[in-house]
Amino acid sequence: MEESERESRRGEAAAPETGEGDGIVELESPGGQQLESPGGLPMGAEDHWKAFFDQFDPANTGYISTEKFRNLLQVHGSELEPHKLEVLLALADNNSEGKVCYQDFVNLMSNKRSNSFRRAIHLGNHRLRANSLLEESGLTLFQRFIRHIAYETLPRGPDRKWYYDSYTCCPPPWFIITITILEIAVFVYYGLVLEKWVLQIAHPSYLNNPLVYQPQLRRQVWRYLSYIFMHVGVEHLGFNVVLQLVVGVPLEMVHGALRISFVYLAGVLAGSLAASVADMTAPVAGSSGGVYALVSAHLANVVMSWSGMRCQFKLVRMGIAMICMSLEFGRAVWLRFHPPSHPACIHPSFVAHLGGVMVGITLGVVVLRNYEQRLHEQSIWWIFLLIYLLFVFFAVLWNIFAYSLLEIRLLPPA
């Protein structure tokens, strides 16, 4: 009798302090034990989960056995979302320690991804069917689009499920869209001013603006980034805009503006610095450094995770991206060595493309492969970041001292 009273008091202490006596739902475990859970188990707040777990965990250790956890899912699994139930069953069936942590359970239900829970989920990864999302029917157009983005971008089933369940389009992919709009606006403005829309570099006033990177004006440090808004023609702008929208927007939807903006801007900076080192007399224009960083990182991630990428058109997508990149790069190489209409006007360098590619297959790959994981915990991230920072430091010193030491003569800016 005393034991029953203690259990009753313990259930009351675990319940939320609402001041009301209703809302108590009696639950029965597979073994016949009467359980009390305020408001019902699956859709309640965290206190409701805690109240239920406490009755399986009398010592309050924060763990319950996988057997009890599996029984819990068998009784109440129909009230859970199907993909969450599938992941939880995988967690129970493949947990080598024989117990499940309450906090790990709450992390899943509240859409929080701790490192311990992520490791536990991946232990049960083989139970998850690769095409489970594809089998869901009755989806809206927006849900189908999000499902397509998940399969196009993420190689692992648990990550796809998690992204599909938690993505709300808030905030939207604002970074890539904003950069694209600004690039188009600046191009239209200079197209109207110069009255030239193709091969604008041939116009004697093209380089006479505050955005293009010019080695003569390398002390104006904003030019190492602002050159992305200047394109030498509608074909140049078209290739870059198509690539960064088709590839960049889905990546930002999955990885967020912070990560994608870092990869993009790191590629832009590496592009201008690489050109200042390897092609010291040429200006730099166009957003190819940032675009190539994103595209090369994504393609490298697809290749490295080829067996896990379940998208139906990955070969077609890769082929289109490679053709666009090759055409744009070939155009840049041809333009660089084509005799300029005005001897004082050197055509832009193509080295920025290569700088962007190097950033993409180093820093970019690490960022994209570690979906929703803390990058500062990844040793390979620190290695590549250190290499990138050393390159930036070297390029800065090069720009300060190399021109005078090598006696490089530069024509005055147009």
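Predicted model, so just to flag it, every value in this text is computed and none were measured.

Caption draft 1: Representation of the overall build of the protein chain within the structure. The helix and strand tally for the protein chain stands at 15 helices and four strands. When burial is assessed residue by residue, the protein chain has 50% of its 414 residues classed as buried. Nonlocal contacts in the protein chain, meaning residues at least 24 apart in sequence, comprise 69% of its contacts between residues at least 6 apart. Carbon and sulfur atoms provide 63% of the accessible area of the protein chain, an area that totals close to 20500 Å².

Caption draft 2: Main features of empty space enclosed by the protein. This model, assessed by the stated rule, comprises three cavities of 30 Å³ or more. Approximately 70 Å³ is the volume found for the second largest cavity. What lines the second largest cavity is Val232, His236, Ala285, Arg331, Ala332, Leu335, Pro348, Ser349 and His353. Per element, the largest residue contribution to the lining of the second largest cavity is three residues, and it comes from helix H13 (residues 314–337). In terms of residue class, the lining of the second largest cavity is made up of five nonpolar, three polar and one charged.

Caption draft 3: Geometry of helix H14 (residues 351–369). If you check H14, its first and last C-alpha atoms are 26 Å apart, about what 19 residues at 1.5 Å a residue would give, namely 27 Å. The largest bend along H14 reaches roughly 40 degrees and is located at leucine 363.

Caption draft 4: Spatial organisation of the packing of helix H7 (residues 141–153) against helix H11 (residues 234–278). Viewed as axis vectors pointing N to C, H7 and H11 meet at an angle of 90 degrees, and their least axial separation amounts to 10 Å. On the basis of the axis angle, H7 is roughly perpendicular to H11. Two secondary-structure elements touch here, H7 through Phe145, Ile146, Ile149 and Thr153 and H11 through Pro250, Leu251, Met253, Val254 and His255. Of the residues assigned to the contact of H7 with H11, the class counts are seven nonpolar, two polar and no charged.

Calculation criteria
Residues numbered from 1 in each chain as written. Predicted model: local features only at pLDDT ≥ 70, side-chain atom pairs only at ≥ 80, totals over all residues. Heavy atoms only, no water. Helix = DSSP H or I, 4+ residues; strand = E, 2+ residues; numbered from the N terminus. Buried < 20%, exposed > 50% of the residue type's maximum accessible area, 1.4 Å probe, protein only. Contact = heavy atoms within 4.5 Å. Areas by Shrake-Rupley, 256 points an atom, 1.4 Å probe, with all protein chains shown as cover. 1 Å grid on protein atoms, 1.4 Å probe; cavity = no way out; pocket = protein on both sides within 12 Å on 5 of 7 lines; lining within 4 Å. Points joined across faces, edges and corners; volume = space filled by probe spheres on them. Nonpolar A, V, L, I, M, F, W, Y, C, P; charged D, E, K, R; others polar. Expected span 1.5 Å × (residues − 1). Bend = angle between axes of the 7 residues up to and from the residue. Axes fitted to C-alpha atoms, helices over the stretch in contact; angles between N-to-C directions. Parallel < 35°, antiparallel > 145°, perpendicular 65-115°, else oblique.

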